[in-house]
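# Understanding the architecture of this molecule
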Amino acid sequence: MRDASPQTIYLKDYAPFGFAVQDVHLTFDLAPSATRVTARIRFVPDRAAADRTFFLHGENLSLISAKIDGESVKPTLTDEGLTCDVPDMPFTWEAEVQIDPAGNTALEGLYLSNGMYCTQCEAEGFRKITYYPDRPDVMSTFTVRINGPHGTLLSNGNPVAAGDGWAEWHDPWPKPAYLFALVAGELIAHRDTFTTMEGRKVDLALYVRPGDEGKCAFGMQALKDSMVWDEKVYGRPYDLDVFNIVAVDDFNMGAMENKGLNIFNASAVLASPETSTDGNFERIEAIIAHEYFHNWTGNRITCRDWFQLCLKEGLTVFRDSQFTADMRSAPVKRISDVIDLRARQFPEDQGPLAHPVRPESFQEINNFYTATIYEKGAEVIAMLKTLVGDDAYAKALDLYFERHDGQACTIEDWLKVFEDATGRDLSQFQRWYAQAGTPHVAVSEAFADGTYTLEFTQSTPPSATTPDPAPLVIPIAVGLIAPDGSEAMPTQILELTQASQTFTFPSLNAKPVPSILRGFSAPVVLDHDADHAFLLAHDTDPFNRWEAARSLARTSLMNTILKGTAPDPAWINGIASVMRDDTLDPAYRALMLGLPGQSELAAEIQRAGHIPDPDAIWVAVNTLKQALSDKISDELPAMYAAYQVTAPYAPDAAQSGMRAFGNAILSLITRQDGGDQAQAQYDAADNMTQQLSALANLIRAGRGDAALSQFEAQWKDDRLVMDKWYGLQVMEAKPDDAADTAKALTKHAGFNWKNPNRFRATLGALAAHHAGFHAKDGSGYALLADWLITLDPVNPQTTARMCSAFQTWRRYDAIRQSMISKELDRIASTPDLSRDTTEMITRIREA
Ligand code: B3K
Ligand code: ZN
């Protein structure tokens, strides 16, 4: 329901709760529309607390009865919760409420998904289950009794007892309510075991719907790999007798790290070669690791308040990327992460939704599960590690776990651990948490008398939350390459702390070519006119070699778009040699072939002082790809043949890399043969990577109809595969057809728009189709707005998240801006618009 004046919550107003919670007993009597929840909670007044108001959060609850120490009480109820007079000594609070899981389409709290009960409590969903101090700094042990349907009945912690239609669970680890979970339904378990480094035998289970049993093995292996890795690399063993994962069809995000009972979007855990792409497998492995790693970074040590969200999310993303780098290829992972950062975090940091890694205010916390908190939060930790070094990082993390286990912490606690472990003053570094905006680093160079000089100037554009940014500590990894291509100086870390700073490198025989920001050592925009063609040929740093290719492509595209010049032969020739270089990992070569995103190019054009034209960007990108394809057309068939995997399918790095490169070549071949090879690949495909990639090429070549029908007939009963069918048609549509294609799909019988995966597959794909979404006639804007208005009353979280499609609106021409503005008005003036969506639209419009 719309809040008349949505309340803003400020970090500076933090005050501890006036009571400790000693233990929580919950009894659930499950029924689809009338579930009864009885809570028995032991509260102990905190005599040190300034405010001892007894306020319990509660939303959409029907209170049946409330008692204190067995005596009925009459609390004062509001839309947000209740207050009650309570004794000035420890007491037991008992309350019975009724809730409606079947009517809960927002998918927050306890809800039904295809007949299965499940929960999502982070950030503030527990208050939709019972009255409780629903804040992360209130931690308690939980005992849960479920009386429910036959089948599987799960909650957090260890199983205590069970019978026909009931089960009891106890979680001995004190936890905040956002980590509570319950699942009940007809499920099948895929089981395994793991013995921890402490000798604890853990029963592992992955629970799925009947029919999905064949899609569990990969996820289970990823879980065991994660458990081993966290022991080996961070010394963190698992701490319960069971670890359960459940796959759910209707879920607002990827997965949730509830203690001992992770709940996953089915798309983030179910995998089989026939139905999942290599990309799906890699994502699943990473998400399983991420949620598992939260057991220590998030659950054992949690956040004091939601402003500290990056404490657990930035760190856990950093840990899961280390894991993927170890399991697969480190350079490929780093490049993929930077592609993602530039595609999602940079636009956020450079637009009206910019906020610091630790925000200082919010209206709806669910709107802050952003790329800035997660991905920039992880980059900040990567920089910290670079600055202090690997050994000191390990020492600091040991101290963090030792000092703060069982606590709800802040960023100050986190940085203090590093200060104490290393003796380093991190007060300036802390600005990375406090300031919004992507810093720019400009470089100029000079060479005289054998001494080479690099001058760096940093500046961060002001934003609404950071009007006056101060200089940051920026670690810049630099190497120098001699004119003959040999390394004149291996990588060094330069520490920028001032607005402007100079570094000198003496005793050089000739002016070197600098390789700056190796490994993308800081999340900044680098302004440097480097010799990219030279670096593409000679850089020893795999990231910067890729970056050189990317920069050459970007410059070529910018010149085509702004000056009408032909594609740059330096890029074409450089990429052709990379493609031919069999010493390079095929996965890396596939990344080398990629071009900057079209939205990223739009940002670049705006930075250069022009107004981006999405159609011109689309044409330039296609022209450049065509030019490469034309140039090496004779070589393509043999190259393609050389990168076909003949061994049985495995989703490992080596095979995925072969397929990624093979499919990158296929898209160049399609530009020559109009889709013949793609059709052959489609017909022969025995795995989803090959099938989907062939289908994409066929659609692009304008001959996808038969394959699309075949695909639909083959996969109509597999909802996850059908999400791909919806998404791909929009992604591969020509710009003028994208909105019409999406609109037609929304009329398809299988378009269940209340399922977030299907909604995102279709409308999310439109929002991500730069030229299609920004089609001149405004059809993309109107269609998305229509659907956001439709979805908002049903699922505010998913609606609000997709509003960010409009965040870059000020980049475009006056006509597009006015069309978008009209749509934003239309959304904003919808009666009863959710708090989530209201906040997003207001922020997008105002800045
Ligand atoms: N912690 C959850 C995200 C919860 C999102 C709430 N809107 C998943 C994760 O980051 O691991
Ligand atoms: Zn997380």
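Residues numbered from 1 in each chain as written. Chains lettered and ligands numbered in written order. Predicted model: local features only at pLDDT ≥ 70, side-chain atom pairs only at ≥ 80, totals over all residues. Heavy atoms only, no water.

Quick look at the sheet that holds strand 18 (residues 201-208) now. On the basis of which strands lie adjacent, the open sheet formed by five strands has the order 17-18-19-21-20 and mixed pairing. Here the strands that pair on one side only, and so sit at the sheet edges, are strand 17 (188-195) and strand 20 (255-256). Pairing analysis gives eight bridges linking strand 17 to strand 18, with the strands arranged antiparallel. If you follow histidine 190 over to strand 18, its bridge partner there is leucine 206. (Pairing = 2+ DSSP bridges. Helix = DSSP H or I, 4+ residues; strand = E, 2+ residues; numbered from the N terminus.)

Taken in spatial order, the four strands of this open sheet run 10-11-16-13, and their pairing is antiparallel. Two strands in the sheet have a free side with no partner beyond their single neighbour: strand 10 (109-113) and strand 13 (152-155). Here the average twist between neighbouring strands, direction ignored, is 15°. (Axes fitted to C-alpha atoms, helices over the stretch in contact; angles between N-to-C directions.)

It is worth spelling out the coordination of the zinc ion (ligand 2) at this point. Protein-derived ligands of the zinc ion (ligand 2) are His290 (NE2), His294 (NE2) and Glu313 (OE), with the metal-ligand distances lying across 1.9 to 2.0 Å. Each donor residue of the zinc ion (ligand 2) lies on one chain, and together they are spaced H-x3-H-x18-E. With histidine 290 in helix 2 (residues 278-293) and glutamate 313 in helix 3 (residues 309-327), this residue pair connects regions lying 23 residues apart in the sequence. Assessed through its relative accessible area of 7%, histidine 290 is described here as buried. The buried category is assigned to glutamate 313, whose relative accessible area is 1%. (Donors = N, O, S within 2.8 Å, 3.2 Å for Na, K, Ca; no water. Buried < 20%, exposed > 50% of the residue type's maximum accessible area, 1.4 Å probe, protein only.)

Once that is clear, we can look at the domain arrangement of the chain. For the chain, the assigned domains read domain 1 (1-96 + 128-186), domain 2 (302-434), domain 3 (440-529) and domain 4 (716-847). Here the C-alpha centre of domain 2 lies 30 Å away from the C-alpha centre of domain 1. Listed by partner, the interface residues are twelve residues for domain 1 and 17 residues for domain 2. When the area that domain 1 buries against domain 2 is broken down by residue, the three leading residues are Leu11, Pro136 and Tyr178, summing to 44%. Seen at the junction of domain 1 and domain 2, the total is zero salt bridges. Our count for the contact surface shared by domain 1 and domain 2 stands at four residue pairs in polar contact (both at pLDDT 80 or more). (Domains from an automatic or database assignment. Contact = heavy atoms within 4.5 Å. Buried area = accessible area lost by both parts, 1.4 Å probe. Salt bridge = Lys/Arg side-chain N within 4 Å of Asp/Glu carboxyl O. Polar contact = N/O pair within 3.5 Å; in protein donor to acceptor, adjacent residues only side chain to side chain.)

To continue, consider the nonpolar core. By size, the foremost hydrophobic cluster in this structure holds 273 residues, and its most contacted members are Trp93, Trp414, Phe429 and Phe456. Counting residues per element, this core draws most heavily on helix 5 (residues 371-388), which supplies ten residues. Apart from residues no more than four positions distant in its own chain, phenylalanine 456 is found in contact with Val441, Ala442, Val443, Ile476, Val478, Leu494, Leu496, Ala499, Ser500, Gln501, Phe503 and Ile516. (Core = buried A, V, L, I, M, F, W, Y, C linked by side-chain atoms within 4.5 Å.)

Here the residue pair glutamate 122 and alanine 123 is connected by a cis peptide bond, since its omega of 0° sits within 30 degrees of zero. You will see that asparagine 60, though not glycine, has its phi angle at about 55°, which is positive. Among the secondary structure elements, asparagine 60 is positioned in the loop between strand 4 (55-57) and strand 5 (62-68). A residue is classified by how much of its surface remains accessible, and asparagine 60, at 66% relative accessible area, is exposed. At phenylalanine 520, a residue that is not glycine, the phi angle is positive and equals roughly 50°. If you trace the backbone, phenylalanine 520 turns up in the loop between strand 30 (513-516) and strand 31 (525-527).

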